[in-house]
Amino acid sequence: MAFERTVRIAPSILSVDFARLGEQVEEAEAAGAGCIHIDVMDGQFVPQITFGPVVVEAIRDRVDIPLEIHVMTLQPERHIEHLSEAGANRIIVHAEACPHAHRVVQQIKDAGLEAGLAINPATPLSATEEVLADVDQLLVMTVNPGYGGQSFIDSMLGKIGRARKMIDEYAPDVVLEVDGGVKADNAKAAADAGATLLVAGSAVFNHAHSVADSMSALFRAIASE
């Protein structure tokens, strides 16, 4: 039975056409995006190097919806101030990169932002239990982070379901987000498992369909019986 919850989509700019960055994030906003998802990678915590505050600032000038920054770096606390100044609304850090997660979460909140905590596929949910009540969002990775366009790890559906139960029991206001390989053919399964925010990169930004059509396909899939 599907969960009776509103499910939003967070387009990830990891797959955007960078020659049309501003235009495409505007198209995503117009198509009903709940927020724009921006991956900050350092080439150490994950293999790639991606974006920084300059890109965040550029996108902030083009859309009114929230910007959530997924910080996949070592020592993520070093980037909080600059990302906040650039226009971030939410910063998500990885439990694996934060031996003092409470402290980092508080730093994010002290900057006036929402705080999220992410975990990789092999990291148990228990790594989030002690800080769950302090965050605004829990992000369950459904691929190993570092590259766009990867395939959704189907075994993570059970983990999403367990995360839903944990949130409902201990911190019902926390948003459950899923990131990695989300497409029209698995978005409903992730939503039915309990996710309320789905990160989608190549499923939104691609050469086969417009942003509006791609977003519509995801919303239709989520709403299907």
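Below: a short report on this structure. (Residues numbered from 1 in each chain as written. Predicted model: local features only at pLDDT ≥ 70, side-chain atom pairs only at ≥ 80, totals over all residues. Heavy atoms only, no water.)

Observations concerning the overall build of the chain
For clarity, the cut-off: In this text, helices come from DSSP runs of H or I with a minimum length of four residues, and strands from runs of E with a minimum of two, each type numbered from the N-terminal end. Radius of gyration here is computed from C-alpha atoms only, and the compact-globule reference equals 2.2 Å multiplied by the residue count raised to the power 0.38. Only protein chains enter the accessibility calculation, which uses a 1.4 Å probe; a residue whose area is less than 20% of its type maximum is buried, one above 50% is exposed, and one in between is partly exposed. Contact criterion: two residues are considered in contact whenever any of their non-hydrogen atoms come within 4.5 Å of each other. Only the protein chains shown count as cover for residues, with accessible areas throughout obtained via the Shrake-Rupley method and a probe of 1.4 Å. A residue counts as positive if it is Lys or Arg and as negative if it is Asp or Glu; His and the chain ends are not included. By convention, the charge on Lys lies at NZ, on Arg at CZ, on Asp at CG and on Glu at CD.
Regarding its fold elements, the chain presents seven helices and eight strands. Taking 225 residues into account, the globule formula puts the C-alpha radius of gyration at 17 Å, and the chain, at 16 Å, falls close to it. Its C-alpha atoms put the chain at 45 × 45 × 30 Å along the principal axes. Within the chain, the proportion of its 225 residues that are buried is 53%. Put simply, of all contacts in the chain between residues at least 6 apart along the chain, 66% involve residues at least 24 apart. Accessible surface, the chain as shown: approximately 10,000 Å² in total, 49% of it carbon and sulfur. Counting 16 positive and 32 negative side-chain charges, the chain places the averaged centre of each group 4 Å from the other.

Description of the pairing of strand S4 (residues 90–94)
For the record, the criterion: What makes two strands pair is DSSP finding at least two bridges between them. Looking down the strands as they point away from the viewer, one classifies a crossover as right-handed if the path from the first strand across the helix to the second runs clockwise.
Most of S4 is tucked away, with five of its five residues classed as buried. Here S4 shows two buried faces, one formed by Arg90, Ile92 and His94 and the other by Ile91 and Val93. Both strand S3 (residues 67–72) and S4 contribute to a ladder of four bridges, which runs parallel. Bridge pairing in S4 places valine 71 opposite valine 93. Following the chain from S3 across helix H3 (residues 80–86) to the adjacent parallel S4, one finds a crossover that is right-handed. Considered for its hand, the β-α-β crossover made up of S4, helix H4 (residues 101–110) and strand S5 (residues 114–119) is right-handed.

Some points on unusual backbone geometry
In the Ramachandran plot, glutamine 75 falls in the positive-phi region, its phi being about 50° despite a non-glycine side chain. Secondary-structure assignment places glutamine 75 in the loop between S3 and H3. Accessibility expressed as a relative area gives 44% for glutamine 75, which makes it partly exposed.

Regarding the sheet that holds strand S8 (residues 197–200)
Note the threshold: Geometry is summarised by axes, namely lines fitted to C-alpha atoms with helices restricted to the contacting stretch, and by angles between N-to-C directions that run from 0 to 180 degrees.
The eight strands lie next to each other as S1-S8-S7-S6-S5-S4-S3-S2, forming an open sheet whose pairing is parallel. For this open sheet the edge positions go to strand S1 (8–11) and strand S2 (36–41), each flanked by a neighbour on one side alone. Averaged over all adjacent pairs, the angle separating strand axes in this sheet is 25°, with direction ignored. Each of S2 and S3 is contacted by helix H2 (residues 53–60), which is oriented at about 165° to S3, the strand it contacts most.

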